[in-house]
Amino acid sequence: MSLLHLAIFSPFLMAIFVPFLYKGLKSIHTGWFVLALPILLFTYFIGFLPITRNNGTVEKSFDWIPSLGIHFTAYVDGLGLLFALLITGIGALVVLYSIFYLSKEKESLHNFYVYLLLFMGAMLGVVLSDNLITLYMFWELTSISSFLLIAYWYDRERSRYGALKSMLLTVFGGLSMLGGILLLSIMGDTFSIRELISQAGELNQHPLFLFALILILLGAFTKSAQFPFYIWLPDAMEAPTPVSAYLHSATMVKAGIYLVARLSPIFAFSSYWFWIVGAIGIFTMFWGSFNAVKQTDLKGILAFSTVSQLGLIMSLLGVGAAALHFDTLNDNIYIAAVIAAVFHLINHATFKGSLFMVVGIVDHETGTRDIRKLGGLLSFMPVTFTIAVIGAFSMAGLPPFNGFLSKEMFFTGMIQLVNLDLFNLETWGMLFPILAWIGSIFTFIYSMMFVFKTFSGKYQPEKLDKKPHEAPVGMLISPIILAFLVVLFGLFPNLLSYSLIQPAAAAIVPSLVGPGELLDVHISHWHGFNPELWMTIGVIAVGTLMYLTLSKWIKLYALFPGKVTLNALYDTSLYAAERGSYTLTKAYMNGFIRTYLVYIFAFFIGILGFTMWTRQALTIDTSNLAPIGVYEIVLVVIITAGIFTILFAKSRLTSIIALGAVGYTVSLFFVIFRAPDLALTQLVIETVSVALFLLCFYHLPKLNRHEERMGFKLGNLIISLGVGAVISLMAISAHSNKMFESIASFYVENTYKEAAGKNMVNVILVDFRGFDTLFEISVLAIAGLGIFGLIKLRLAKKGEEADEN
Amino acid sequence: MEILMSIVIGALFASSVYLMLSKSLLRIIIGTGLLSHGAHLLIITMGGLKRGAAPLLGEKAASYVDPLPQALILTAIVISFGVTALFLVLAYRAYQELGTDNMDEMRGNEAND
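Definitions and limits used
- Residues numbered from 1 in each chain as written.
- Chains lettered and ligands numbered in written order.
- Predicted model: local features only at pLDDT ≥ 70, side-chain atom pairs only at ≥ 80, totals over all residues.
- Heavy atoms only, no water.
- UniProt positions renumbered as here; feature names shortened; annotations may be inferred.
- Helix = DSSP H or I, 4+ residues; strand = E, 2+ residues; numbered from the N terminus.
- Buried < 20%, exposed > 50% of the residue type's maximum accessible area, 1.4 Å probe, protein only.
- Contact = heavy atoms within 4.5 Å.
- Areas by Shrake-Rupley, 256 points an atom, 1.4 Å probe, with all protein chains shown as cover.
- Lys, Arg positive; Asp, Glu negative; His and termini not counted.
- Charge placed at Lys NZ, Arg CZ, Asp CG, Glu CD.
- Buried area = accessible area lost by both parts, 1.4 Å probe.
- Salt bridge = Lys/Arg side-chain N within 4 Å of Asp/Glu carboxyl O.
- Polar contact = N/O pair within 3.5 Å; in protein donor to acceptor, adjacent residues only side chain to side chain.
- Nonpolar A, V, L, I, M, F, W, Y, C, P; charged D, E, K, R; others polar.
- Pairing = 2+ DSSP bridges.
- 1 Å grid on protein atoms, 1.4 Å probe; cavity = no way out; pocket = protein on both sides within 12 Å on 5 of 7 lines; lining within 4 Å.
- Points joined across faces, edges and corners; volume = space filled by probe spheres on them.
- Phe/Tyr/Trp six-rings, centres within 6.5 Å; stacked < 30°, edge-to-face > 60°.
- Lys NZ or Arg CZ within 6 Å of the ring centre and 35° of its normal.

Going by an unreviewed UniProt entry, chain B carries the name Na(+)/H(+) antiporter subunit C and comes from Pseudobacillus wudalianchiensis. Looking at the Subcellular location (unreviewed entry) heading of the UniProt record, one finds this comment for chain B: "Cell membrane".

An unreviewed UniProt entry annotates chain A as Na(+) H(+) antiporter subunit A originating from Bacillus badius. According to the UniProt record, the Sequence similarities (unreviewed entry) comment for chain A is "Belongs to the CPA3 antiporters (TC 2.A.63) subunit A family."

Shown next as structure tokens:
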């Protein structure tokens, strides 16, 4: 356990105290206490920068389940640190923002901050674990905390729906990923990511390699909302806006990106990886931006935009895999794609975070997020407008913001593909830049919609619940910081180049970086009039034109049939699964006690009979039997007669007397079998039982067979005969196979020595097995209480009736 | 003797299962009573029958029968009595409340579906 482990666990520890802080110090917003933690962690992780700057790493390990090779190895390298800084940095800003967003009077803040801290710790665990099992554990924990946070306003139906949807999809992916992890561990005989990376060459030849690849990618794609699994992300927008900013744009949805980046050294050499990651990524990028344009909810626009941007980063990672096919570091243009992916990851967190906070402010101050109702807010909220312009223009890829730089690099990566003579790219490769360009046009359009439909145009006060005004200063701090970063990284991108981007990119393509070497990362604004710049100019020109004519062609979206969407597929399959399992369960859980008894007895016969048969346990040993005397034969006859009398009795009195006869015969058996204590007890109990039966039967109805049909009787007969036969055979076999020495001699020897008693049975009961007797008494007491309660219940009810009358 | 007892025990179990599967509440309770008799006899038979004197040191015999099954059965007898008593009261109350002793009519509540 090191300080690093403590840092990962600190959010969980903090979460323990949150409810007490909330209950104890009502007057102070709980967020202020929570805020200290991410700030502290952020500064702690900043301290690692000098180490990772030169591609150094830090590793601390402690054994968790050593027998299974599961260690909690905390591992900090450039990639992990980048994510850790995002998690804690954005986390601090989001907590600060939430203090003003969530009212301390109305909201159950303790829940909110416990879930948020749970998420923070889990996410740190994901990005700082070297062991795949630990990573998986934290991975699922992020899904759970995301579920809890989406359902934070759990009295809303949409929140519950969204939470369930995200849970089902991400946990499905998580389980697939677990399968992939297990396959990897079978292939490489380790759970450690770095050890697996060192065997990447052999793993690539393994027959299970492709299955592991697909299963792991399922986990990454569901988490990072790639096509066709993206459908949970728009519904996750039911969460409070700080949560959307934090989990569903800046951090959690990037866990899939992280996984792809982290495992790239293992898988990236395979052409499947290149095609699946690249193609799904670029299509998601196009599809997300295409669908964002038709949204009318500001958060809906941002949700689809996030899907699209995640697809963009994913496609860059896929394309970057091509870098591994070139041995030299010099002149390797595909590394640029990896660098662009890392750079855009940072940029997306900054501009999307600020945009979500802008939506939160608009929602908070006007009471709606619907762009059909909004408009003309510019004069009321100038600061918010400025932030929105910076964020949205960066998202659209306009200079001088950071989004422009990474978008240009994205185009570079896509254009280079056409020149690649690998994986048949000369034919299909052209689609990558085309989809990228079309997707960027739609990105431009929805970015403009976001700004101008909200802040310019006609002000419609009659449609708003509140009179809009500028947000409180506290709420503006976080988005202002993020917007400032957008501008800063846009103007001085090389602040990041060697501090964050290079170490992270080097961790994605470690085989290309020799010891002591650094990747060449230099980001510049001006490359001359190259194809990328023309593409951007084209995006702006076409995008502006299409935005201005939006009302003419937006109706085209209505042409898409509503019934064949992925959402409809999800809904119908979920409904079918529910109905199906309900019908199936109803079919065998039908509410009749008899049915359940039949199951129990049938399994009893089946399993015991089967085991005795297969293990050949059925033996009859006649050598060691006690002799049969006349008394025993008489008793056997009596007991058999008693049983038959009960079975065929027409009146209840006959049954009770016959049952008593059986009981007394049993006590006589005890006499013969040298058990005087048992005989005495049985006699007493039997007498009391018969008395009790008679007392109760006096009040009970006549013995009624309730018209049992022949088939019913026959079924019962077969089952009961089966049970009887199995018991008889088991008893005979158990008698014939003495597998262990009897422990009886211990009691015979020690009864007097240890307990100074002469009646062995009594000594066992009160001394050797005294606790058994104590519990026996407890059982009796509980039965007594139950009886008392049942009788009292009646009296109470009668009392009520009397009162009513 | 042990084999004979095993068959008797089997008969006790078979009849008790038959009774428990029937529709009448009373027969079910009688069935559980028979079941505990069968179980008790099973335990004592498993310990071996008539292999010595009763487990009382005062007998000063060379060998005694196994005392452990007897201790177990003693506990079981008392508990089965408690259970039977509870069943009886439960049956009595159920009959009073529901007006039937037919298990088919006492089926799980449909309203919960």
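Our next topic: the overall build of chain A. When helices and strands are counted, chain A shows 33 helices and two strands. Each principal axis of the C-alpha distribution contributes one length, and for chain A these read about 115 × 75 × 55 Å. Taking all 805 residues of chain A together, 54% fall into the buried category. Taking as baseline every contact in chain A between residues at least 6 positions apart, the subset at least 24 positions apart corresponds to 79%. Taken as a whole, chain A presents about 35,300 Å² of accessible surface, with 69% of it coming from carbon and sulfur. Computing the positive centroid from 48 side-chain charges and the negative centroid from 47, chain A places the two 11 Å apart.

Looking now at the interface of chain B and chain A. The interface is formed by 77 residues belonging to chain B together with 99 residues belonging to chain A. Interface area, chain B with chain A, both sides summed: about 8,400 Å², of which 77% is carbon and sulfur. Ranking the residues of chain B by area buried against chain A places B:Tyr18, B:Leu21 and B:Lys50 at the top, with a combined share of 9%. Taken together, the connections running from chain B to chain A amount to zero salt bridges. Counting every contact that joins chain B to chain A gives nine residue pairs in polar contact (both at pLDDT 80 or more). Those elements that provide at least two residues to the side of chain B that touches chain A are helix 1 (2-20), helix 2 (25-46) and helix 3 (67-98) of chain B. With 24 residues, the single largest contributor to the side of chain B that touches chain A is helix 3 of chain B. Class assignment for the residues of the side of chain B that touches chain A results in 50 nonpolar, 15 polar and twelve charged.

Let us look at the pairing of strand 2 (residues 70-76) of chain A. Residue and element names in this part refer to chain A. Most of strand 2 sits out of view: six of its seven residues are buried. Sheet topology note: the strand 1 (residues 58-65)/strand 2 ladder contains seven bridges and is antiparallel. Looking at the pairing, Val58 lines up with Val76 of strand 2.

Moving on, we come to empty space enclosed by the protein. Counted by the stated rule, this structure contains seven cavities of 30 Å³ or more. The computed volume of the largest cavity comes to approximately 140 Å³. In terms of lining residues, the largest cavity is bounded by 14 residues, among which A:Glu686, A:Ser689, B:Ser36, B:His37 and B:Thr84 are the most central. For the lining of the largest cavity, the secondary structure elements donating two or more residues are helix 29 (676-699) of chain A together with helix 2 and helix 3 of chain B. Residues that form the lining of the largest cavity fall into these classes: five nonpolar, eight polar and one charged.

Right, let's talk about the packing of aromatic side chains for a bit. Evaluated as defined, the whole model comprises 41 aromatic pairs over all chains. Ring geometry for A:Phe385 against A:Phe455: centres 5.5 Å apart, planes inclined by 65 degrees, an arrangement best described as edge-to-face. In this pair, A:Phe385 sits in helix 17 (residues 382-396) while A:Phe455 sits in helix 20 (residues 431-455), placing the two residues 70 residues apart along the sequence. Among the aromatic residues, those joined into a ring-pair cluster are A:Phe227, A:Tyr230, A:Phe283, A:Phe286, A:Trp287, A:Phe290, A:Phe304, A:Phe442 and A:Trp553. When the ring centre of A:Tyr75 is taken as reference, the NZ or CZ atom of A:Arg194 above it lies at 4.1 Å. The ring of A:Phe712 has B:Lys23 sitting right over it, with the charged end atom 4.9 Å from the ring centre.

Below, the discussion takes up the pattern of salt bridges. All names here are of chain A. A full pass over the atoms with the stated rule returns nine salt bridges over all chains. One salt bridge in this structure joins Asp370 and Arg372, with 2.8 Å as the shortest N-O distance. Overall, Arg372 belongs to the exposed group, its relative accessible area being 54%. Through salt bridges that share partners, Glu59, Asp130 and Arg194 make up one connected network.

With that out of the way, let us pick up the UniProt feature "transmembrane region" (unreviewed entry) in chain B. Taken from the UniProt record, the annotation "transmembrane region" (unreviewed entry) applies to residues 6-21, 28-49 and 69-92 of chain B. Counting secondary structure, residues 69-92 of chain B comes out at 100% helix and 0% strand; the distance between its end C-alpha atoms is 34 Å.

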